[in-house]
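Architecture and fold: a report
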There are 2 protein chains.
Amino acid sequence: MENIITLAHGSGGSATLKLIEQVFKKYFNNEILSQGDDCARLAMDGTKSLVFTTDSFVVTPVFFKGGDIGKLAVCGTVNDLSTSGAIPLYLSCGFIIEEGFSIEELEKIVESMSDTARECGVQIVTGDTKVVQKGAADKVFINTSGIGAVPDGICISGRNARVGDKIIITGTIGDHGSCILLERENMGFQAEIKSDCAPLSGLVRDMLEAASDIHVLRDPTRGGVATTLNEIALQSKVSIVIEEDKLPVKREVQGVCELLGMDPLYMANEGKLLSFVPAEKAEAVLEAVRRNKYGAEARIIGEVTGEGEPKVLLKALSGGSRIIGVLAGEQLPRIC
Amino acid sequence: MENIITLAHGSGGSATLKLIEQVFKKYFNNEILSQGDDCARLAMDGTKSLVFTTDSFVVTPVFFKGGDIGKLAVCGTVNDLSTSGAIPLYLSCGFIIEEGFSIEELEKIVESMSDTARECGVQIVTGDTKVVQKGAADKVFINTSGIGAVPDGICISGRNARVGDKIIITGTIGDHGSCILLERENMGFQAEIKSDCAPLSGLVRDMLEAASDIHVLRDPTRGGVATTLNEIALQSKVSIVIEEDKLPVKREVQGVCELLGMDPLYMANEGKLLSFVPAEKAEAVLEAVRRNKYGAEARIIGEVTGEGEPKVLLKALSGGSRIIGVLAGEQLPRIC
């Protein structure tokens, strides 16, 4: 292992996984942490099934088409709670602010957090603010941690994928990553790409009403759909096949990606879910997703085809197949 | 209100309180948040009484005498949970790391978090890592959020101070603040001042065994004993008198403060508690504290003398009295 932290360690891809294995798990090892989901399931006497999660947000720029760091900070943590099947209840927020940051902009961010929290019925109940000298941080970083309650009978985990499961994506892929890329680079052309940043607790509720036995839910953020599918394949020890011609990609996103040599499969999403559903329930879940405002373009993109060696295969448009791995290196730092 | 963020907004003193009132409470207002304690008390069907808290740590230097940012991050959140009378159970941790930071140093920090968590029986169950470009953060920032369970019959809050309560400090004041000050400034003289950084969950357990009806517990971190007492006076609408000659201050700390024109009453502590105890229980609690390894130098420093207008009076060594307010401006940025 190299001896300094690189941007790749924050990519959500292979370097991040290595850092987690070699440093964090080495010292923090416990049964709950090693479940490997985005949420920790807590064991507590006399309580419902509780989940707990945390995320820090360092996105640049702070304001972008379709959202801002505040909306993203609420959505990110609400979505992580939702992917365990939990109803998100409470959030904390910790601000690290650079001296000289505009209070007007801070207020916009806080208002946006408040609006997003209201939309999904969570309360921001505790917080903390630190200020560092000019140059010791870049504008503003936000941590949100969250607590949710899992309803009885729900058992969703990255470890639950089964042979035959259909894989549903709830909409177009790569929108958030492409939006941030365009906002950041002065590309000299116009493309109307908005981040898909959205709180998905309502969508998950609709999906669970259609089928309470959904096996896996995960939001493909850093590292994109390809990395998330690999994580699930690894946790469940299954092989997965997805079909390139089924992947919903906006024309503008495809265009930007082709121009810059990026692959939408590795671009971050902030308002999409990957769901693994027993085959006989797949159409019912798909219909429920499509009726939700955040799921109109949902599709079945593949299935779980075998047990044993974890792998993810892409059936290409051309007819051939290739293995797709986790994101290597860093595609775009500070995407979220 | 000024229109940019200043270091004072992160001081824990009057500017921080103003920012909380004018920006955060304006948008995040809810019954739980407005309780004003360091922990949020959660209302959940079918659960025990749960508390939830968050803190971000930006201390510089990252390693200091008596601790490091990792130990501080675990102690800070464990102590906030403990001051509600809760047993700390679960922590999250979110790292924001500057590109180029040493993995060996990161590992030392993680090991120190692990050791401290083990000492107080909490589990680190969920985490997140972000990496930002060189210059976009200073080395490493850590957020910890925590969940604890409050045993039946315990009701501790900054709102519960009552006339006649004795005020106990669990040891010498200003150690952490003076230590960081010395580490940071190249002062040209030797002083062996160590941070008091310590996890206080065991101390709180001992205190509650001596008297389960302790009214208030609070850790006087940023802003020091003076600011914390003012916060409690405000929450409980009481007046408080403390006596200068009872305040335990290490000789070296007193020396550094005098040299630099600082007041130990406003210096941060990271291993001390202020406790408001019914008068008839004060001696029993004091004895329990003194038997704990983190409380050998505990003292009764004052009492609650009246209701109504919130204020904190210091009876000076000289015989006179003066009102002491909350910290104004920023004494020492990035103390924690």
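Residues numbered from 1 in each chain as written. Chains lettered and ligands numbered in written order. Predicted model: local features only at pLDDT ≥ 70, side-chain atom pairs only at ≥ 80, totals over all residues. Heavy atoms only, no water.

Section: the overall build of chain A
How we decide: Comment: elements are numbered from the N terminus, with helices defined as DSSP H or I runs of at least four residues and strands as E runs of at least two. Our radius of gyration is a C-alpha quantity, and the globule rule it is checked against amounts to 2.2 Å times the number of residues to the power 0.38. The classification of residues rests on relative accessible area computed with a 1.4 Å probe and restricted to protein chains. Under 20% of the type maximum is buried, over 50% is exposed, and intermediate values are partly exposed. Whether two residues are in contact is decided by their heavy atoms: any pair within 4.5 Å suffices. Computed with a 1.4 Å probe, the accessible areas rest on the Shrake-Rupley method; for each residue, only the protein chains presented here act as cover. The charge count treats Lys and Arg as positive and Asp and Glu as negative. His and the chain ends do not count. Here the site of a charge means NZ on Lys, CZ on Arg, CG on Asp, or CD on Glu.
In terms of regular secondary structure, chain A is built from eight helices and 14 strands. Here the C-alpha radius of gyration of chain A, 19 Å, is about what a compact globule of 336 residues would show, namely 20 Å. With the principal axes as the frame, chain A shows a C-alpha extent of 55 × 55 × 45 Å. A buried classification covers 62% of the 336 residues belonging to chain A. In chain A, of all internal contacts separated by at least 6 residues, the share reaching a separation of at least 24 is 83%. Looking at chain A as shown, the accessible area adds up to about 12200 Å², and 47% of this sits on carbon and sulfur atoms. Computed over 34 positive and 46 negative side-chain charges, the inter-centroid distance for chain A is 2 Å.

Structural notes on the relation of the copies chain A and chain B
Put simply, the rule reads: Our superposition of the copies is a least-squares fit, built on the C-alpha atoms of residues whose pLDDT is at least 70 in both.
Between chain A and chain B, which share one sequence, the superposing operator has a rotation angle of 180° and an axial displacement of 0.0 Å; the RMSD is 0.0 Å. Viewed as a symmetry operation, the transformation between the two copies matches a two-fold axis. Most of the interface of chain A is mirrored in chain B, where 100% of its interface residues again form contacts.

A few points about the pairing of strand β6 (residues 123-132) of chain B
Residues and elements named next belong to chain B. The cut-off we apply is this: Criterion used throughout: strands pair if DSSP finds at least two bridges between them. Assignment of crossover handedness uses the view with strands pointing away from the viewer, where a clockwise path from the first strand over the helix to the second indicates a right-handed crossover.
Within β6, eight of the ten residues are buried, leaving the element largely enclosed by the surrounding structure. Bridge count for strand β5 (residues 87-98) against β6 is nine bridges, and the pairing is parallel. Bridging from a neighbouring strand, Cys93 pairs with Gly127 of β6. Tracing the backbone out of β5, into helix α3 (residues 103-119) and back to the parallel element β6 gives a crossover that is right-handed.

With respect to the sheet that holds strand β1 (residues 40-42) of chain B
Residues and elements named next belong to chain B. Short version of the rule: In this description, a line fitted to the C-alpha atoms serves as the axis of each element, helices being fitted only across the stretch in contact, and the angle between N-to-C directions of two axes falls anywhere from 0 to 180 degrees.
Read across the open sheet, the five strands follow the order β1-β2-β7-β5-β6; overall the sheet is mixed. Here the strands that pair on one side only, and so sit at the sheet edges, are β1 and β6. Averaged over all neighbouring strand pairs, the angle between strand axes comes to 20°, with direction disregarded. α3 rests against β5, β6 and β7 (140-150) of the sheet, and its axis sits at about 175° to β5.

With respect to the sheet that holds strand β10 (residues 238-243) of chain A
Two modes of strand pairing occur in sheets, parallel and antiparallel, and in both the strands are linked by backbone hydrogen bonds. Residue and element names in this part refer to chain A. Spatially, β9-β11-β8-β12-β10-β13-β14 is the arrangement adopted by the seven strands of the open sheet, whose pairing is mixed. Looking at which strands have only one partner, the edges of the open sheet turn out to be β9 (216-218) and β14 (321-323). If you compare each strand with its neighbour and ignore which way they point, the axes differ by 25° on average. Here four bridges tie strand β8 (residues 166-169) to strand β12 (residues 299-307), and the two strands are oriented antiparallel to one another. Looking across to β12, one finds that Ile168 is bridged to Ile300. Helix α8 (residues 282-291) contacts β8, β11 (274-277) and β12 of the sheet and is inclined by roughly 145° relative to β12.

Regarding the domain arrangement of chain A
Let me state the cut-off plainly: Either an automatic procedure or a domain database provided the assignment from which the domain bounds are taken.
When the domains of chain A are assigned, the result is domain 1 (1-30), domain 2 (34-150) and domain 3 (166-323). Spacing between the C-alpha centres of domain 1 of chain A and domain 2 of chain A amounts to 22 Å.

Comments concerning helix α1 (residues 14-28) of chain A
In plain terms, the rule: Residue count minus one, scaled by 1.5 Å, sets the expected span of a helix. The bend at a residue is defined as the angle formed between two axes, one fitted to the seven residues ending at that residue and one fitted to the seven starting there.
For α1(A), spanning 15 residues, the distance from its first C-alpha to its last is 20 Å, which sits close to the expected 21 Å at 1.5 Å a residue. The axis of α1(A) is deflected most strongly, by about 35°, at Ile20(A). Those residues of α1(A) that sit buried are Ala15(A), Thr16(A), Leu19(A), Val23(A), Phe24(A), Tyr27(A) and Phe28(A). Looking at the buried side of α1(A), the elements it contacts are β5, α3 and β6 of chain B.

Here we look at the environment of Val256(B)
Mapping Val256(B) onto the fold places it in helix α7 (residues 251-260). As for Val256(B) and Leu181(B), which are separated by 75 residues in sequence, their C-alpha atoms are 9.1 Å apart.

Remarks on the packing of helix α5 (residues 201-210) of chain B against helix α8 (residues 282-291) of chain B
Residues and elements named next belong to chain B. Inclusion rule: Our angle categories are set so that under 35 degrees counts as roughly parallel, over 145 as roughly antiparallel, 65 to 115 as roughly perpendicular, and the remainder as oblique. What makes a crossing left-handed is the near helix being turned counterclockwise from the far one by less than a right angle; a clockwise turn instead makes it right-handed. Charged means Asp, Glu, Lys or Arg here, nonpolar means Ala, Val, Leu, Ile, Met, Phe, Trp, Tyr, Cys or Pro, and polar covers whatever is left, Gly included.
Running from N to C, α5 and α8 cross one another at 150°; their axes reach a closest spacing of 8 Å. The angle between the axes of α5 and α8 places the two elements in the roughly antiparallel class. As α5 runs across α8, the sense of the crossing is right-handed. Here Leu203, Asp206, Met207 and Ala210 of α5 lie close against α8, whose contacting residues are Ala284, Val285, Ala288 and Val289. For the contact of α5 with α8, the per-class residue count stands at seven nonpolar, no polar and one charged.

Notes on the interface of chain A and chain B
Filter applied, for reference: Salt bridge, as used here: a side-chain nitrogen of Lys or Arg that lies within 4 Å of a carboxyl oxygen of Asp or Glu. As used in this structure description, the phrase polar contact means that two N or O atoms lie within 3.5 Å; if the pair is within protein, one of them must be able to donate a hydrogen and the other to accept it, and residues adjacent in sequence are counted only when both atoms belong to side chains.
Contacts between the two partners involve 80 residues from chain A and, on the opposite side, 80 residues from chain B. The interface formed by chain A and chain B holds six salt bridges in total. At the boundary of chain A and chain B, one finds 29 residue pairs in polar contact (both at pLDDT 80 or more). For the side of chain A that touches chain B, the secondary-structure elements that each account for two or more residues are α1, β1 (40-42), β2 (49-57), β5 (87-98), α3 (103-119), β6 (123-132) and β7 (140-150) of chain A. Its residues assigned to classes, the side of chain A that touches chain B shows 40 nonpolar, 24 polar and 16 charged.

Here we look at the environment of Gly85(B)
All names here are of chain B. Here Gly85 lies in the loop between α2 (69-82) and β5. Sequence separation between Gly85 and Leu33 is 52 residues, and the spatial gap between their C-alpha atoms is 18 Å. What Gly85 contacts, discounting residues up to four positions off in sequence, is Pro151, Ile154, Ile156, Val204 and Leu208.

As for the environment of Ala198(B)
Residue and element names in this part refer to chain B. On the secondary structure map, Ala198 appears in the loop between α4 (175-184) and α5. Judged by its relative accessible area of 3%, Ala198 is buried. With 99 residues separating them in the primary sequence, Ala198 and Glu99 have C-alpha atoms 29 Å apart. Each residue touching Ala198, except ones within four places of it in the same chain, is listed here: Cys75, Asn79, Glu270, Gly271 and Tyr294.

Remarks on the side chain of Asp165(A)
Residues and elements named next belong to chain A. Turning to its location among the elements, Asp165 is positioned in the loop between β7 and β8. Although Asp165 is buried, it makes no salt bridge; Arg162 carries the closest opposite charge, 6.6 Å away. There is a polar contact of 2.9 Å between the side chain of Asp165 and the backbone nitrogen of Arg162. With residues near it in sequence (within four places) discarded, Asp165 still touches Asn160, His215, Phe276, Val277, Pro278, Gly302, Glu303 and Val304.

As for the packing of aromatic side chains
All names here are of chain A. Where we set the bar: Here the aromatic set is Phe, Tyr and Trp, taking the six-membered ring for Trp, and pairing holds for ring centres within 6.5 Å; pairs whose planes are under 30 degrees apart are stacked, those over 60 apart are edge-to-face, and all others are tilted.
Counted according to the given criterion, the structure contains six aromatic pairs over all chains. On the numbers, 6.2 Å between centres and 25° between planes, the contact of Phe24 with Phe28 is stacked. In this pair, Phe24 and Phe28 both sit in helix α1, four residues apart, roughly one turn of the helix. For the pair shown, Phe24 and Phe28 are each scored as buried.

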